[in-house]
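Examining the three-dimensional arrangement
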Amino acid sequence: MGRVAGMQNARGVLRRNAFSGQLSRCIPRIASLLALFVITYGHARFAATFELNLIKKSLMERSDPKYAAAARFLLDRINYEKTVDRPYDQQTFRLGRMVFLLDCLENPHLSAPVIHIAGTKGKGSVAWLLAEGLRRSGLTTGLYTSPHLEFLEERFVINGQPISPERWVNNLPRLKHAADRCEKSEHGSPTFFELTTALAWLLFQQASTDVNVIEVGLGGRLDSTNVCAPTLSIITSISFDHQQQLGNTLALIASEKAGIIKHKVPIIHGVRVGEARDVIRRVAETHGSDLWELGVDFDTKITPNPPPQKSQIEFLRLTDRVPLPSATHYPLGMLGRHQGDNAALVIAAWQHLTADGWDLTINALEQSLSETQLPARVEIVHRSPTIIIDSAHNEASIHALLDTLHSYFDTDRRTIIFACSKDKKYREMLQEILPKCDRLILTQYHSNPRFVPVERLEELASELKLDAQNSNASDSESVRRIEILSAPNIDEAIRFARHDTIENELICITGSFFIASEARLRLLQS
């Protein structure tokens, strides 16, 4: 990795195109909104991203016919993010097709070192924290994550900023030509995710990135991103999710995630469950990959603090396989005990890269852990009442969210707005939620056909409440007191929640990435 050392100043910062006439008209609004958000939340990265989203609208309106045509080209392709019954097999997810598509684009995925990240939960947080640290160390950094909350360009981040609409739209002719060649070959038509993944690497190559942090979309073994040749692989936590595609046991799910492990490429993982951890160990041993494990080689302690204070984490080196970092205590900006495990993976990755010769600074890592805030990850979007948006969408993430609300917020009443996808275990999720809230408002999203109808959620919640009334369980009394409401959409759900709030109330919107996206858009617009 000597190529990376001393690389900080080798490449210039990307220049944004500026249309000064249009930009000058929106500067006052940008300034006032930025001031409000910086004062309210104190997260520099959030404010910077919000600023860029405002500026991007002045460069190319999304109603522009060129933008609309480019988006339609991608959205007309098979999009497994919008389906429930997608089979996860080599007939559907064909890495050969992805290899051919990238070859048509002259293999942009080989232009810079890659850090490849898989896992059930936490991979987005780890990807962002790591990418922000690398950027702050002076490396031109590409970051590819999915899905997006509002706009497609959020998937393609260079030096902490989503790319402009023009940048990806202007690359569509080249991408379309490669897609046409692929379609005419024995490989067939590429999917939406294959095209966006190829587009990411194309954009990063054009930006001359020094390193690319790539998040797996689904699983790992057959994921479109798994054609890369990583410098380092990371697997975050593993829990039950996408069982129809990945398997009904944690061992089977771990086997799919472990598919990103490459021959002699070091692997760091944060899996604490024994059966899943054992699978990763076996795969790493088969490939001769150096393995660092959370809870074995390193760990973390977290001290939660209510916002706006930062939580404090302590990195624990458990074996001498892991070099001792120059700092072991760090402030952590994102909320949740589970973020302590994510931070530990990032610190361990930092130590591995540094030991391999990467010229990284501990100050950059500290700033990333302290200041990075991902949208819709226990994100506070309003005060008085406190409104939180979180994209928790399985049992494990709902459990972590509820623990975070309890640990970080002292409230007199808690209202949960919940919507969910058909392929999730929403009964079990509601069972987790009911004893932990005072009001439950059920709704559905409208941006994706996978939603559970609100009538079904209402029926199920009422059934669970009735079961509690006939039960002697310890939490049955709290469930019996819950007020259950329903709303046809997120706008009505938010209106219901805010109509009768008390002084110290917390409102949390959760259950799906799609409801989080719709809620965030409405609340930030208002």
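Structure report, in brief. Note that the structure is predicted; figures quoted are calculated from it, not measured. (Residues numbered from 1 in each chain as written. Predicted model: local features only at pLDDT ≥ 70, side-chain atom pairs only at ≥ 80, totals over all residues. Heavy atoms only, no water.)

**What about the pattern of salt bridges?**
Selection rule: The salt bridge criterion pairs a side-chain nitrogen of Lys or Arg with a carboxyl oxygen of Asp or Glu, the two atoms within 4 Å. Helix and strand definitions here come from DSSP, where helices need a minimum of 4 consecutive H or I residues and strands a minimum of 2 consecutive E residues; each element is numbered from the N-terminal end. Throughout this description, buried means an accessible area under 20% of the type-specific maximum (1.4 Å probe, protein chains only), exposed means over 50%, and partly exposed covers the range between.
With the rule as written, the count across this model stands at 25 salt bridges. Among the ionic pairs, Arg136 bridges to Glu132, the shortest N-O distance being 4.0 Å. Remark: Glu132 and Arg136 occur in helix 5 (residues 123–136); sequence separation between them is four residues, near one turn of the helix. In this structure, the salt-bridge partner of Asp403 is Arg337, at a minimum N-O distance of 3.3 Å. With Asp403 in helix 14 (residues 395–408) and Arg337 in the loop between strand 11 (329–332) and helix 12 (338–355), the pair connects residues that are 66 residues apart, well separated along the chain. Among the residues examined, Asp403 registers a relative accessible area of 26% and is labelled partly exposed. Classification of Arg337 as partly exposed rests on a relative accessible area of 39%. Residues joined by salt bridges that share partners form a network here, namely Glu132, Arg135, Arg136 and Glu371.

**Some thoughts on the pairing of strand 11**
Regular strands show a simple pattern: their side chains alternate between the two faces of the sheet. Keep this limit in mind: For two strands to pair, DSSP has to find at least two bridges joining them.
Of the two faces of strand 11, the one holding Tyr330 and Leu332 is buried and the one holding His329 and Pro331 is not buried anywhere. Relative to strand 11, strand 10 (residues 311–317) is paired through four bridges, and the arrangement is antiparallel. Paired with Glu314 across the bridge in strand 11 is His329.

**Focus on the packing of aromatic side chains**
For clarity, the threshold we go by: Geometry of aromatic contacts follows a simple scheme: Phe, Tyr and Trp rings, the Trp one being its six-membered ring, pair when their centres are within 6.5 Å, and the pair is stacked under 30 degrees between planes, edge-to-face over 60, tilted otherwise.
All told, the structure shown has six aromatic pairs when counted by the stated rule. Their ring planes at 35° and their centres at 6.0 Å tell us that Tyr144 and Phe193 sit as a pair that is tilted. With a gap of 49 residues between them, Tyr144 in strand 2 (residues 141–144) and Phe193 in helix 8 (residues 192–206) connect regions that are remote in the sequence. The residues Tyr144 and Phe193 share a single accessibility class, namely buried. Summarising the aromatic geometry, the rings of Tyr445 and Phe451 are spaced 6.1 Å apart at their centres and angled 80° between planes, so their arrangement reads as edge-to-face. On the accessibility criterion, Tyr445 (0% relative accessible area) is buried.

**What to know about the sheet that holds strand 10**
Convention followed: The axes used here are C-alpha line fits, helices contributing only the stretch in contact, and every angle between their N-to-C directions lies in the interval 0 to 180 degrees. Contacts between residues were defined by any pair of non-hydrogen atoms, one from each residue, lying within 4.5 Å.
The strand order across the open sheet built from three strands is 9-10-11, with neighbouring strands paired in antiparallel fashion. Two strands in the sheet have a free side with no partner beyond their single neighbour: strand 9 (298–303) and strand 11. Between one strand axis and the next, the sheet turns by 30° as a mean value, whatever way the strands run. Across the face of the sheet, helix 12 comes into contact with strand 9, strand 10 and strand 11 while running at roughly 135° to strand 9. Against the sheet, helix 13 (residues 362–371) makes contact with strand 10 and strand 11, and its axis sits at roughly 35° relative to strand 11, the strand it touches most.

**Considering the pairing of strand 15 (residues 439–442)**
Stated precisely, the cut-off is as follows: Look down the strands so they point away from you; if the path from the first strand over the helix to the second goes clockwise, the crossover is right-handed.
Residues of strand 15 alternate between two faces, with Arg439 and Ile441 on one and Leu440 and Leu442 on the opposite face, all of them buried. Bridge count between strand 14 (residues 413–418) and strand 15: four bridges; the pairing is parallel. Bridge pairing in strand 15 places Ile417 opposite Ile441. Regarding topology, helix 15 (residues 426–433) serves as the crossover connection from strand 14 to the parallel strand 15, and that connection is right-handed. Summarising the sheet, strand 15 and strand 16 (residues 483–486) pair through four bridges and their orientation is parallel. Looking at the pairing, Leu440 lines up with Ile484 of strand 16.

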